[in-house]
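Structural description and commentary
Each chain is listed here by its residues.
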Amino acid sequence: ASQEINFWLSLERALDGIETQLRSDEVNMVISCLRNAKRFRATVSFIADTGLKDATDQVHKYNQLMKDFPLNELLSATDLEKIQESLNLIFGHINRKLKLSPYPIRRALPFVEAISRDFNEQLLRILTSHRLAYTPYETFDRLLAQTMNNFRTWDDLIKEFTI
């Protein structure tokens, strides 16, 4: 999931860098020379053919969802309660921002699948650190209840997301 977030944030930075380069003195001087040489077609097609404005607009709209995405809360969770809190934060963010952003559903579903993998990995990381086969029954029962509660929370949040 972090790859998707980083992709869109990096793409925004790259497009902003290209836009800055296009506004530089060097590019403006070349375009002025072409205009003075009456090469209007070259200057007009250069500005129109880049598609930079459309791409920048699209990325800005998609980044309404990606900016301040609370994925690190899940990835840095140290116990089962923090995992549950992070799931609520993540899906609260997704459900709130997806209404504002034209982020395509065909990309949102694999994105949620990636979050599911991150959830699974973090859950396994925490549970394997407890050495479940050697824990007292009371501790095991508490961990099982918390884990089941995390899965119920995931199911509820996924149902809310898909509706």
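As the structure is a computational prediction, the values presented were derived from the model and not from experiment.

Rules used throughout
- Residues numbered from 1 in each chain as written.
- Predicted model: local features only at pLDDT ≥ 70, side-chain atom pairs only at ≥ 80, totals over all residues.
- Heavy atoms only, no water.
- Helix = DSSP H or I, 4+ residues; strand = E, 2+ residues; numbered from the N terminus.
- Phe/Tyr/Trp six-rings, centres within 6.5 Å; stacked < 30°, edge-to-face > 60°.
- Buried < 20%, exposed > 50% of the residue type's maximum accessible area, 1.4 Å probe, protein only.
- 1 Å grid on protein atoms, 1.4 Å probe; cavity = no way out; pocket = protein on both sides within 12 Å on 5 of 7 lines; lining within 4 Å.
- Points joined across faces, edges and corners; volume = space filled by probe spheres on them.
- Nonpolar A, V, L, I, M, F, W, Y, C, P; charged D, E, K, R; others polar.
- Core = buried A, V, L, I, M, F, W, Y, C linked by side-chain atoms within 4.5 Å.
- Contact = heavy atoms within 4.5 Å.
- Axes fitted to C-alpha atoms, helices over the stretch in contact; angles between N-to-C directions.
- Parallel < 35°, antiparallel > 145°, perpendicular 65-115°, else oblique.
- Salt bridge = Lys/Arg side-chain N within 4 Å of Asp/Glu carboxyl O.

1. Considerations on the environment of isoleucine 18
Inspection of the secondary structure puts isoleucine 18 in helix α1 (residues 2-22). Between the C-alpha atoms of isoleucine 18 and arginine 96, which are 78 residues apart in sequence, the distance is 31 Å.

2. Section: the packing of aromatic side chains
Per the stated rule, a full pass over the model turns up ten aromatic pairs. Ring centres of tyrosine 103 and phenylalanine 111 lie 6.5 Å apart, and the angle between their planes is 65°; on these two criteria the pair is classed as edge-to-face. Like phenylalanine 111, tyrosine 103 is buried.

3. So, the layout of surface pockets
Approximately 170 Å³ is the volume attributed to the second largest pocket. Ile94, Asn95, Leu98, Lys99, Ile105, Leu109, Glu160, Phe161, Thr162 and Ile163 are the residues that line the second largest pocket. The set of elements that each furnish at least two residues to the lining of the second largest pocket consists of α6 (80-98), α7 (105-128) and α8 (137-162). Class assignment of the residues belonging to the lining of the second largest pocket gives a composition of six nonpolar, two polar and two charged.

4. A look at the nonpolar core
Of all hydrophobic cores here, the largest spans 34 residues; its most connected members are Ile83, Ile94, Tyr103 and Ile115. The element that contributes the greatest number of residues to this core is α7, accounting for nine residues. If we skip the residues at most four places from it in the chain, isoleucine 94 touches Leu65, Phe69, Val112, Ile115 and Phe161.

5. Comments concerning the packing of α6 against α8
α8 packs onto α6 with a crossing angle of 5° between their chain directions and a minimal axis gap of 9 Å. The pairing of α6 with α8 is recorded here as roughly parallel in orientation. Facing Leu80, Glu81, Ile83, Gln84, Leu87, Asn88, Phe91, Ile94, Asn95 and Leu98 of α6, the residues of α8 in contact are Leu143, Gln146, Thr147, Asn149, Asn150, Thr153, Trp154, Leu157, Ile158, Glu160 and Phe161. Its residues assigned to classes, the contact of α6 with α8 comprises eleven nonpolar, eight polar and two charged.

6. Some thoughts on the environment of tyrosine 137
By the element assignment, tyrosine 137 lies in helix α8. Once the C-alpha coordinates of tyrosine 137 and arginine 96 are considered, the two residues, 41 residues apart in sequence, prove to be 40 Å apart.

7. Examining the pattern of salt bridges
For the coordinates displayed, the defined rule picks out three salt bridges. Lysine 53 is the partner of aspartate 57 in a salt bridge, and the nearest nitrogen-oxygen pair spans 3.5 Å. Linking aspartate 57 with lysine 53, this pair stays in helix α4 (residues 52-66), spanning four residues, or about one helical turn. Under the relative-accessibility criterion, aspartate 57 is labelled partly exposed at 31%.

Limitation: the analysis is restricted to geometry and does not speak to function.
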